[in-house]
Each structure stands twice: as C-alpha cells, then as structure tokens.
Amino acid sequence: AQSVTQLGSHVSVSEGALVLLRCNYSSSVPPYLFWYVQYPNQGLQLLLKYTSAATLVKGINGFEAEFKKSETSFHLTKPSAHMSDAAEYFCAVSAGAGSYQLTFGKGTKLSVIP
Amino acid sequence: GAVVSQHPSRVICKSGTSVKIECRSLDFQATTMFWYRQFPKQSLMLMATSNEGSKATYEQGVEKDKFLINHASLTLSTLTVTSAHPEDSSFYICSAGPQQGGYGYTFGSGTRLTVV
C-alpha cells in the first residue's frame with residue numbers, strides 16, 4: 001500500500017523567494033512519485049515525475065524535486081517564486097511500473113506575496 | 001501532447017435528476033480511465049477505475065449504482081450521477097492513459113457539479 005504526507009496545508013512565500021513544498025511517502029514497493037499543480041476549478045497538470053531514473057527530477061515552470069529514498073521524501077523546490085506559481089500542489093505516489101493508480105496527498109496551497 | 005477533454009465543466013441540476021459527465025482522450029487511445037472526486041480544499045479521492053470494454057472497479061464506499069461508469073470505447077468514458085442529491089455536489093475529475101510512448105496519465109479539466 002502507498003500513502004503520501006504533505007507537510008503544511010498552506011505555504012506563503014514572497015515573490016522571488018525559494019519555494020519548498022514537502023512530501024513524504026510510504027510504499028511497500030519501489031514507488032513512482034509525482035507532483036501536480038491545480039489552479040482553481042481546473043484539473044491537474046503534471047509538473048514532474050520520478051520513475052526510478054535520475055533522483056533529481058526537473059519539471060516544467062522551473063520546478064524540480066529530489067527523490068531521497070533514505071528519507072522517503074520527494075520535496076518540490078523552485079529557486080524563485082513567481083506570482084503565477086500561486087496554486088494548489090499535490091504530491092502523488094503509485095506502486096511503480098505497471099501500476100497506474102495514484103494515491104494523492106492532501107495538497108499544499110502556495111500563496112505568493114508580492 | 002496528450003489531451004483529455006472533460007465535459008461539461010460546470011453543471012447545476014435539481015435534486016433527484018441524473019447528470020452525465022464525459023471524459024474523452026482526444027489524441028490517444030485510453031485503455032484505462034480513472035474517476036476522482038474532490039471536495040472543497042481537499043485532495044482527490046479515487047472513485048473508480050474503468051478499463052475499456054469491461055466493468056468498472058469501484059473503490060470501497062463508492063456506490064456503483066449511484067455512480068454509473070461506462071467505458072465503451074478507447075476514447076470515451078462517462079460517469080453518470082444518478083438521482084443526484086446535494087451531498088453529491090463536488091468537483092469530479094477524470095484521468096486517462098497510459099499515453100503512447102511514455103508513462104503517465106493526463107487529467108481532464110474537471111466538472112463542478114452542484115445539486116440544488
């Protein structure tokens with residue numbers, strides 16, 4: 001079974017500051033990990049994914065995440081926040097190759113202060 | 001890139017009526033589609049998994065007779081909320097895949113259902 005814990009339901013950063021959204025996972029098998037972004041009343045857009053290749057994954061819009069097996073973490077970062085980054089972010093896990101069912105964290109709302 | 005169209009984006013219906021939500025993969029064939037429900041300020045909860053040509057698999061606690069899922073073709077799955085009640089008001093999102101040439105599922109833009 002898989003589970004995801006996102007620390008902090010709401011994160012506020014100043015424009016230009018570092019963005020760090022935390023995600024810890026639990027999985028009984030080698031996991032695939034994902035970060036999605038959701039804007040109000042819209043679906044989810046994939047930011048990046050880890051599928052057992054490079055542990056540092058670069059995604060769209062300047063985001064990246066690092067898979068750390070020893071810490072069971074997959075934190076999302078961006079060096080400099082932009083106003084357009086304000087949204088809800090979801091971390092998700094699946095049971096690796098051949099499993100397409102995602103388990104989502106509860107989400108973190110990112111606010112960017114001008 | 002892979003595109004999933006979900007329609008309608010918003011719907012308001014009267015209590016006791018049924019509502020159908022469509023999820024279409026526009027440029028790829030989707031052997032599997034997932035239906036999620038999202039309550040305000042909460043995460044996505046998987047409702048069911050539908051595979052083309054077979055019956056959907058529902059998650060525990062989801063009423064299969066209330067949430068009818070049909071996946072009759074490789075590009076279309078439908079979710080019908082039957083005899084809707086105000087507590088069924090929610091945001092419903094589908095995802096479809098897998099995409100050819102890579103792993104991943106694409107999400108639709110969601111449907112905001114309001115039952116009055």
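Conventions used here
- Residues numbered from 1 in each chain as written.
- Chains lettered and ligands numbered in written order.
- Predicted model: local features only at pLDDT ≥ 70, side-chain atom pairs only at ≥ 80, totals over all residues.
- Heavy atoms only, no water.
- Contact = heavy atoms within 4.5 Å.
- Buried area = accessible area lost by both parts, 1.4 Å probe.
- Salt bridge = Lys/Arg side-chain N within 4 Å of Asp/Glu carboxyl O.
- Polar contact = N/O pair within 3.5 Å; in protein donor to acceptor, adjacent residues only side chain to side chain.
- Helix = DSSP H or I, 4+ residues; strand = E, 2+ residues; numbered from the N terminus.
- Nonpolar A, V, L, I, M, F, W, Y, C, P; charged D, E, K, R; others polar.
- Buried < 20%, exposed > 50% of the residue type's maximum accessible area, 1.4 Å probe, protein only.
- Pairing = 2+ DSSP bridges.
- Axes fitted to C-alpha atoms, helices over the stretch in contact; angles between N-to-C directions.
- Phe/Tyr/Trp six-rings, centres within 6.5 Å; stacked < 30°, edge-to-face > 60°.

Caption draft 1: Highlighting the interface of chain B and chain A. At the junction of the two partners, chain B supplies 20 residues and chain A supplies 18 residues. The contact between chain B and chain A buries some 1500 Å² in all, and 57% of this surface belongs to carbon and sulfur atoms. In this assembly, chain B and chain A are joined by 0 salt bridges. In this structure, the connection of chain B to chain A is made through 3 residue pairs in polar contact (both at pLDDT 80 or more). At the level of secondary structure, the elements contributing two or more residues to the side of chain B that touches chain A comprise β4 (32–38), β5 (44–51) and β9 (90–97) of chain B. Each residue belonging to the side of chain B that touches chain A can be placed in one class, and the counts come to 10 nonpolar, 7 polar and 3 charged.

Caption draft 2: Up close: the pattern of salt bridges. Residues and elements named next belong to chain A. Applying the stated criterion across every chain, the model contains 4 salt bridges over all chains. Put simply, E64 and K58 hold a salt bridge, and the shortest N to O gap is 2.7 Å. With relative accessibility at 22%, the residue E64 sits in the partly exposed group. Take K58: its relative accessible area is 61%, and that puts it in the exposed class.

Caption draft 3: Broad picture of the sheet that holds strand β7 (residues 64–68) of chain A. All names here are of chain A. Pairing in this open sheet of 5 strands is antiparallel, and the strands run β1-β3-β8-β7-β6 from one edge to the other. Here the strands that pair on one side only, and so sit at the sheet edges, are β1 (2–7) and β6 (56–58). Each strand axis lies, on average, 20° off the axis of its neighbour in the sheet, ignoring direction. Looking at chain direction, β7 and strand β8 (residues 73–78) are connected through 5 bridges and run antiparallel.

Caption draft 4: Highlighting the environment of K69 of chain A. Within the fold, K69 of chain A resides in the loop between β7 and β8. Sequence separation between K69 of chain A and N24 of chain A is 45 residues; the distance between their C-alpha atoms is 10.0 Å.

Caption draft 5: Summary view of the packing of aromatic side chains. With the rule as written, the count across this model stands at 14 aromatic pairs over all chains. With a centroid separation of 4.1 Å and an interplanar angle of 15°, the aromatic rings of Y50 of chain A and F67 of chain A are classed as stacked. Placement of the pair is Y50 of chain A in strand β5 (residues 44–50) and F67 of chain A in strand β7, with a sequence separation of 17 residues. Overall, Y50 of chain A belongs to the buried group, its relative accessible area being 8%. With a centroid separation of 5.5 Å and an interplanar angle of 90°, the aromatic rings of F104 of chain A and Y36 of chain B are classed as edge-to-face. Note that F104 of chain A is positioned in strand β10 (residues 103–104) and Y36 of chain B in strand β4, a pairing that runs across two chains. Through a chain of ring-to-ring contacts, three or more aromatic side chains come together here, namely F34, Y36, F90 and F104 of chain A together with F34, Y36, Y105 and F107 of chain B.

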